[in-house]
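Structural features, examined
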Amino acid sequence: CIFEMSQAILSLLKFGEKENNNGARESAIKCGDWILKQQARSKDKNVDGLWITPEYGKNLVVISDTIESLWGILELYRHTQQKKYLRSSSRAFEAVQRARVRPGNMWVSKGGIQARVYLDYNLKTRKYSLSMHRIIDDGTWYLFYKLTGRPTLIKDFRTQCDEQMRYQTPDG
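Below, the structure is looked at part by part. (Residues numbered from 1 in each chain as written. Predicted model: local features only at pLDDT ≥ 70, side-chain atom pairs only at ≥ 80, totals over all residues. Heavy atoms only, no water.)

**Points about the pattern of salt bridges**
Applying the stated criterion across every chain, the model contains six salt bridges. Of the charged contacts in the structure, one is a salt bridge between glutamate 26 and arginine 25, with a shortest N-O distance of 3.6 Å. For glutamate 26, a relative accessible area of 40% translates into the label partly exposed. Residue aspartate 48 is joined to arginine 91 by a salt bridge in which the shortest nitrogen-to-oxygen separation is 3.0 Å. Linking aspartate 48 in the loop between α2 (22-38) and β1 (60-62) with arginine 91 in helix α4 (residues 83-98), this pair joins segments that are 43 residues apart in sequence. (Salt bridge = Lys/Arg side-chain N within 4 Å of Asp/Glu carboxyl O. Buried < 20%, exposed > 50% of the residue type's maximum accessible area, 1.4 Å probe, protein only. Helix = DSSP H or I, 4+ residues; strand = E, 2+ residues; numbered from the N terminus.)

**Describing helix α1 (residues 2-19)**
Spanning 18 residues, α1 covers 25 Å between terminal C-alpha atoms, matching the ideal 26 Å at 1.5 Å per step. Residues of α1 that are buried: Ile2, Phe3, Ser6, Ile9, Leu10, Leu13 and Gly16. Each buried residue of α1 sits inside an arc of 140 degrees when the element is viewed along its axis, so together they form one side. Residues of α1 that are exposed and point more than 90 degrees away from the buried face comprise Lys18 and Glu19. (Expected span 1.5 Å × (residues − 1). Arc of directions from axis to C-beta.)

**Concerning the nonpolar core**
Ranked by internal contacts, the top residues of the largest apolar core, which has 33 residues, are Ile9, Trp51, Ile73, Leu76 and Tyr85. The biggest single contributor to this core is helix α3 (residues 63-80), with seven residues. Ignoring any residue separated from it by four or fewer positions in sequence, one finds isoleucine 9 in contact with Ala28, Cys31, Gly32, Ile35, Gly72, Ile73 and Leu76. (Core = buried A, V, L, I, M, F, W, Y, C linked by side-chain atoms within 4.5 Å. Contact = heavy atoms within 4.5 Å.)

**Focus on the sheet that holds β1**
Pairing is antiparallel in the open sheet, where three strands are placed in the order β1-β2-β3. Whereas interior strands pair on both sides, the edge strands pair on one side only; in this sheet they are β1 and β3 (127-129). Here the average twist between neighbouring strands, direction ignored, is 25 degrees. As defined by bridge partners, β1 adjoins strand β2 (residues 120-122) across three bridges and the pair is classed as antiparallel. Residue pairing across strands places valine 61 opposite tyrosine 121, the latter belonging to β2. Running over the sheet, α3 touches β1, β2 and β3 and is turned about 40 degrees from β1. (Pairing = 2+ DSSP bridges. Axes fitted to C-alpha atoms, helices over the stretch in contact; angles between N-to-C directions.)

**Things to note about the packing of aromatic side chains**
In the structure shown here, the tally under the stated rule is three aromatic pairs. A connected cluster of aromatic rings, assembled from ring pairs, spans Phe93, Trp141 and Phe144. (Phe/Tyr/Trp six-rings, centres within 6.5 Å; stacked < 30°, edge-to-face > 60°.)

**Concerning the packing of α3 against α4**
Put simply, α3 and α4 touch, their axes get as near as 9 Å, and they point 155 degrees apart. One element, α3, and the other, α4, form an angle in the roughly antiparallel class. Viewed along their axes, α3 and α4 form a crossing whose handedness is left-handed. Every residue of α4 that contacts α3 at Ile63, Thr66, Ile67, Leu70, Ile73, Leu74, Leu76, Tyr77 and Thr80 is listed here: Lys83, Tyr85, Leu86, Ser88, Ser89, Ala92, Phe93 and Val96. (Parallel < 35°, antiparallel > 145°, perpendicular 65-115°, else oblique. Left-handed = near helix turned anticlockwise from the far one by under 90°.)

**Description of unusual backbone geometry**
Non-glycine residue glutamine 81 carries a positive phi angle of around 60 degrees. Considering the arrangement of structural elements, one finds glutamine 81 in the loop between α3 and α4. For arginine 126, which is not a glycine, the phi torsion comes out positive at approximately 55 degrees. With respect to the helices and strands, the residue arginine 126 is situated in the loop between β2 and β3. Taking the relative accessible area as the measure of exposure, arginine 126 reaches 55% and is therefore exposed.

So this is what it looks like as structure tokens:
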């Protein structure tokens, strides 16, 4: 899966950094370049820029996978400063932004966490739907803010953190 490859990138970059191992860094770059080749280019604006995980079915795009994939690509940009990683991340982030649940239409999961994005996109019906997935996008929003300086992202990040803290239980 693409999001698992993104996790491999994070591990390889950290290992390469801690152990001064250029081979690990080069391997992370190879993984990133493979991920970039998998990014959807589509006339359907809701799909363009996402990474599609076929394991969930050929008619369903799971948007949370793109958010998880973004982290590795953003870290590659941070480590290499190669613009192709930033361009790819921007395309993916724009696709995620299009999937955002608009104010007034927010929904709350059974666990009490307010969702910020629809998590599935049906290719047949061309509609977003809610799903049972729980998404952790706060860190990605913040990293994207740190790398791009987009002021709206820090505002979103703060709102997301405030929302998370509202539902935190006393034991953590």
